[in-house]
Amino acid sequence: MKGLKIVATGRALPAKVVTNDDMSKLVETSDEWITTRTGIRTRHFCAGETQADLAEQAARRALERGKVDVGDLCACIVATVTPDCSAPTSACLLQQRLDLPEDIPCFDMNVGCTGFIYALQVARGFLLQSGRPYALVIGAEALSHITDFTDRGTCVLFGDGAGAAVVTLADSPYACTLGARGDTEAIFIEGPGPERPYIHMDGQKVFRFAVEAVPHCIRVLLEETGLTLADIDWFVPHQANKRIIDHVAKKLKVPNEKFYQNMMRYGNTSAASIPIALDEMAEQGLLKRGQKVLCVGFGAGLTWGGALLEW
Ligand code: UT7
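Residues numbered from 1 in each chain as written. Predicted model: local features only at pLDDT ≥ 70, side-chain atom pairs only at ≥ 80, totals over all residues. Heavy atoms only, no water.

Chemist: It is not clear to me how the site of the ligand should be interpreted in this structure. Could you clarify?
Modeler: What surrounds the ligand is a group of 23 residues, the closest being T29, R37, Q204, N241 and N268. Within the side chain of T29, one N or O atom sits 2.6 Å away from a nitrogen atom of the ligand. A distance of 2.7 Å separates an oxygen atom of the ligand from a polar side-chain atom of N241. Protein chains shield 73% of the accessible area of the ligand, which is 950 Å² for the free molecule. At the level of secondary structure, the elements contributing two or more residues to the shell around the ligand comprise α2 (31-38), α6 (152-155), α7 (203-225) and α8 (242-252). (Near = heavy atom within 4 Å. Polar contact = N/O pair within 3.5 Å; in protein donor to acceptor, adjacent residues only side chain to side chain. Areas by Shrake-Rupley, 256 points an atom, 1.4 Å probe, with all protein chains shown as cover. Helix = DSSP H or I, 4+ residues; strand = E, 2+ residues; numbered from the N terminus.)

Printed below as a string of structure tokens:
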């Protein structure tokens, strides 16, 4: 079976950094509560930048780093729950801004925080059919646009940002698992409609779901590939809450250091969190060619998904 490889990554964060102390001026909260309950210390919020701006910047960096000509792309997929508008989609805006070929599919996918993983697998489908060698996969969010800044239960959690990956087929181990279970209570985002849409969340319900979904995805991927936990060099989970990740690492008896964490800097950036993490890791030299990387996402839908690939 043809595997999928990430050729290059990029990320973009808005310039404005918002601390927990800043949040405590908006709602009754504290740095102590946010840090101990979530691990989050700062997040970036758009102040002038749009979601498409972030997607574009991340995509440009990935294409530059990979030295990939846009004429060699067979698809452009943007995973997002916060496009700037319903139409044109963010992917179509990128087609225009990056001068992508007109004879390739460009579209958005709304799969909540699992969007990047779903998009990887869909991109693989296009790569298998196409004569062109690369696909562009982006997770980009402006969650501050749909955050209720009077709701302390949600507003301290989210951040804005984008991560992008240029992917190609490769003769290397690869597996992907995807799932969904309709649930309007755990996470509900209003709209589109005349009212401003807000995120509503039953935090405890999502927490319980997450600590089941992440080990489930890991188990399925290991079974499918015949690999063991010890064979995995890096786990790159969706960055919703430090406690979720620590809980999973402990449950699986995997050293905590193997689970990359950056929610302290960015908060929960939904579909962008995994590609942002991959880009940081690549930049820091943590990811080395040949290493086995297991990415796992979970979130609104409810949805979940994991992808195991060789770096
Ligand atoms: O990306 C999508 C996936 N999303 C997630 O994975 C989120 C998963 N859930 C979580 O991360 C956690 O459930 C939260 C961080 C959202 C909440 O943590 P928790 O430990 O489950 O807190 P809780 O909701 O049970 O609330 C405990 C207390 C409540 O007060 P009382 O009723 O005990 O008096 C809340 O009102 O903490 C209160 N609280 C806050 N206090 C200070 C809720 N939010 C805040 C806040 N600051 N920001």
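Next, the rest of the story.
Chemist: Would you take a moment to explain the pattern of salt bridges for this structure?
Modeler: For the structure shown, the criterion picks out 17 salt bridges. Of the charged contacts in the structure, one is a salt bridge between K25 and D22, with a shortest N-O distance of 3.8 Å. Look at K25 and you get exposed, because its relative accessible area is 69%. On the basis of relative accessibility, which here comes to 30%, the residue D22 falls in the partly exposed class. A salt bridge links D103 to R132, with the nearest nitrogen and oxygen atoms 2.7 Å apart. Within this pair, whereas D103 is found in the loop between α4 (90-97) and β5 (106-109), its partner R132 is found in the loop between α5 (115-129) and β6 (134-142), the two being separated by 29 residues in sequence. Counted as one network, the salt bridges with shared partners bring together R11, R65, D279 and E283. (Salt bridge = Lys/Arg side-chain N within 4 Å of Asp/Glu carboxyl O. Buried < 20%, exposed > 50% of the residue type's maximum accessible area, 1.4 Å probe, protein only.)

Chemist: Just checking my understanding: could you explain the sheet that holds strand β8 (residues 174-180) for this structure?
Modeler: Each strand in a sheet pairs with another by means of backbone hydrogen bonds, the pair being arranged parallel or else antiparallel. In space, the four strands of this open sheet follow the order β8-β13-β12-β11, with mixed pairing throughout. Every interior strand has two partners, whereas the edge strands, β8 and β11 (234-237), have only one. In this sheet, adjacent strand axes meet at a mean angle of 10 degrees when their direction is disregarded. Note: β11 against strand β12 (residues 292-299), four bridges, orientation parallel. (Pairing = 2+ DSSP bridges. Axes fitted to C-alpha atoms, helices over the stretch in contact; angles between N-to-C directions.)

Chemist: So what exactly am I meant to see when it comes to α2 here?
Modeler: Along an α-helix, a turn takes 3.6 residues, which lines up residues three or four apart on a common side. Along α2, the residues that are buried comprise I34, T35 and T38. Down the axis of α2, the buried set is contained in an arc of 105 degrees. They therefore lie on one face. Looking at the residues trailing α2, positive phi occurs at G39, about 85 degrees. (Arc of directions from axis to C-beta.)

Chemist: Where do I start with the sheet that holds strand β1 (residues 3-12) in this structure?
Modeler: Here we have five strands laid out as an open sheet, ordered β1-β7-β6-β4-β5, and mixed in their pairing. Edge positions in the sheet fall to β1 and β5, since each has one partner strand and no second. For this sheet, the mean angle separating the axes of adjacent strands, direction not counted, is 20 degrees. Pairing of strand β4 (residues 73-79) with β6 involves five bridges; the strand directions are parallel. Bridged to V78 within β6 is I138. Most of the contacts of helix α10 (residues 273-283) go to β1, to which it runs at about 90 degrees, and overall it touches β1, β6 and β7 (160-170). (Contact = heavy atoms within 4.5 Å.)

Chemist: So what exactly am I meant to see when it comes to the nonpolar core here?
Modeler: Nonpolar side chains tend to gather and get buried jointly when the protein is soluble and globular. Counting residues in each nonpolar core, the largest one holds 46 residues, and the members touching the most others are I218, F259, L294 and F298. Broken down by secondary-structure element, the contributors of at least two residues to this core are α7, α8, β12 and β13 (303-310). The element best represented in this core is α7, accounting for ten residues. Shared between two domains, this core takes at least three residues from each, and those domains are domain 1 (3-170) and domain 2 (174-310). (Core = buried A, V, L, I, M, F, W, Y, C linked by side-chain atoms within 4.5 Å. Domains from an automatic or database assignment.)

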